[in-house]
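Residue-level structural notes
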Amino acid sequence: MEFGRSFNVRDVLNFRPFWDLPKGDEYNWLRELLPLVRAFLERHESHAIRFDDDVSFSESYFGFEWLDVSPLPDLLPRYFVEKLGYNRWQQVCDYIDSSDRPPWWWNTDDHQDAKRTFELLANERPIRKR
């Protein structure tokens, strides 16, 4: 894989050394993460995926559409819509106000972009009661 370029998902899914971890407790975190990676790749295999870093995403408007499915996720607008089922910005504000871990963008110039993205995503999905 080349950084910043699309790759063939099937090649990664079939590359056994990537998925077969050595024994040892120091790899437990990776044992928890790899099934999430595999599920993501399988779910998105039909379209282009590129290997990149989170800085590239956070520096653009589209970074707010990212969904972090890790055990301690980055709280981005899509997380609030898809994982928590929120459809109003006030729900996001209430959640963050009661949290001891506000998202990186909360007190930055990116706040309005995050709000705009949340509202677009929330309007695309059916409203779920919470």
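Here the structure is shown first, and the text comes after it.
Residues numbered from 1 in each chain as written. Predicted model: local features only at pLDDT ≥ 70, side-chain atom pairs only at ≥ 80, totals over all residues. Heavy atoms only, no water.

**A word on the overall build of the chain**
What counts is decided by this rule: In this text, helices come from DSSP runs of H or I with a minimum length of four residues, and strands from runs of E with a minimum of two, each type numbered from the N-terminal end. Note on contacts: a residue pair is in contact if any heavy atoms of the two residues lie within 4.5 Å.
Along its length, the chain carries seven helices and two strands. Long-range pairs, those at least 24 residues apart, make up 59% of the contacts in the chain between residues at least 6 apart in sequence.

**A closer look at the packing of aromatic side chains**
Applied cut-off: For Phe, Tyr and Trp, where Trp contributes only its six-membered ring, two rings pair if their centres lie within 6.5 Å, and the inter-plane angle classes them as stacked under 30 degrees, edge-to-face over 60, or tilted in between. Each residue's exposure class comes from its accessible area (1.4 Å probe, protein chains only) as a fraction of the maximum for that residue type: buried when under 20%, exposed when over 50%, partly exposed otherwise. Criterion for a charge above a ring: Arg CZ or Lys NZ at most 6 Å from the ring centre, at most 35 degrees from the ring normal.
Here the structure, examined in full by the defined rule, presents nine aromatic pairs. Ring plane angle 85 degrees and centroid distance 4.7 Å describe the contact between Phe18 and Trp19, whose orientation is recorded as edge-to-face. Judged by relative accessible area, Phe18 falls into the partly exposed class, the value being 36%. Residue classification places Trp19 among the buried positions, given a relative accessible area of 14%. Ring plane angle 65 degrees and centroid distance 6.3 Å describe the contact between Tyr86 and Tyr95, whose orientation is recorded as edge-to-face. Members of the aromatic cluster, each reached through a chain of ring pairs, are Tyr79, Phe80, Tyr86 and Tyr95. Residue placement shows Arg38 over the ring face of Trp19; its charged tip is 4.2 Å from the ring centre.

**Things to note about the pattern of salt bridges**
Once the charged atoms of two side chains with opposite charge are near each other, the side chains can pair. Heads up, the rule is: One side-chain nitrogen of Lys or Arg within 4 Å of one carboxyl oxygen of Asp or Glu is enough to make a salt bridge.
Following the criterion strictly, the structure yields five salt bridges and no others. Of the charged contacts, one joins Glu45 and Arg10 as a salt bridge, the two residues approaching to 2.8 Å between their closest N and O atoms. Of the two residues, Glu45 is situated in the loop between α3 (28–43) and β2 (49–50) and Arg10 in helix α1 (residues 9–14); the sequence distance between them amounts to 35 residues. Overall, Glu45 belongs to the partly exposed group, its relative accessible area being 31%. A salt bridge links Glu42 to Arg38, with the nearest nitrogen and oxygen atoms 3.6 Å apart. Remark: Arg38 and Glu42 occur in helix α3; sequence separation between them is four residues, near one turn of the helix.

**Let's talk about the nonpolar core**
For clarity, the cut-off: Nonpolar cores were defined as sets of buried Ala, Val, Leu, Ile, Met, Phe, Trp, Tyr and Cys residues, with membership established by side-chain atoms within 4.5 Å.
Core analysis: the biggest nonpolar cluster contains 19 residues, and Phe80, Trp89, Val92, Trp105, Trp106 and Phe118 have the highest contact counts within it. When residues of this core are traced back to their parent elements, those giving at least two are α5 (77–82), α6 (89–97) and α7 (111–124). Those residues in contact with Phe80 that lie beyond four places of it in its chain are Leu75, Gly85, Tyr86, Val92, Tyr95, Ile96, Trp105 and Phe118. Judged by nonpolar contacts, the second largest core, of nine residues, contains Val12, Trp19, Leu41 and Ile49.

**A word on α6**
By the burial criterion, the buried members of α6 are Trp89, Gln91, Val92, Cys93 and Ile96. The secondary structure elements touched by the buried residues of α6 are α5 and α7.

**What about the environment of Ala48?**
Within the fold, Ala48 resides in the loop between α3 and β2. Placed 40 residues apart in sequence, Ala48 and Asn8 show a C-alpha to C-alpha distance of 8.1 Å.

**A word on the side chain of His111**
Tracing the backbone shows His111 in helix α7. Since its relative accessible area comes to 16%, His111 is described here as buried. Not counting chain neighbours up to four residues away, the residues in contact with His111 comprise Trp89, Trp105 and Trp106.

By themselves these figures say nothing about function.
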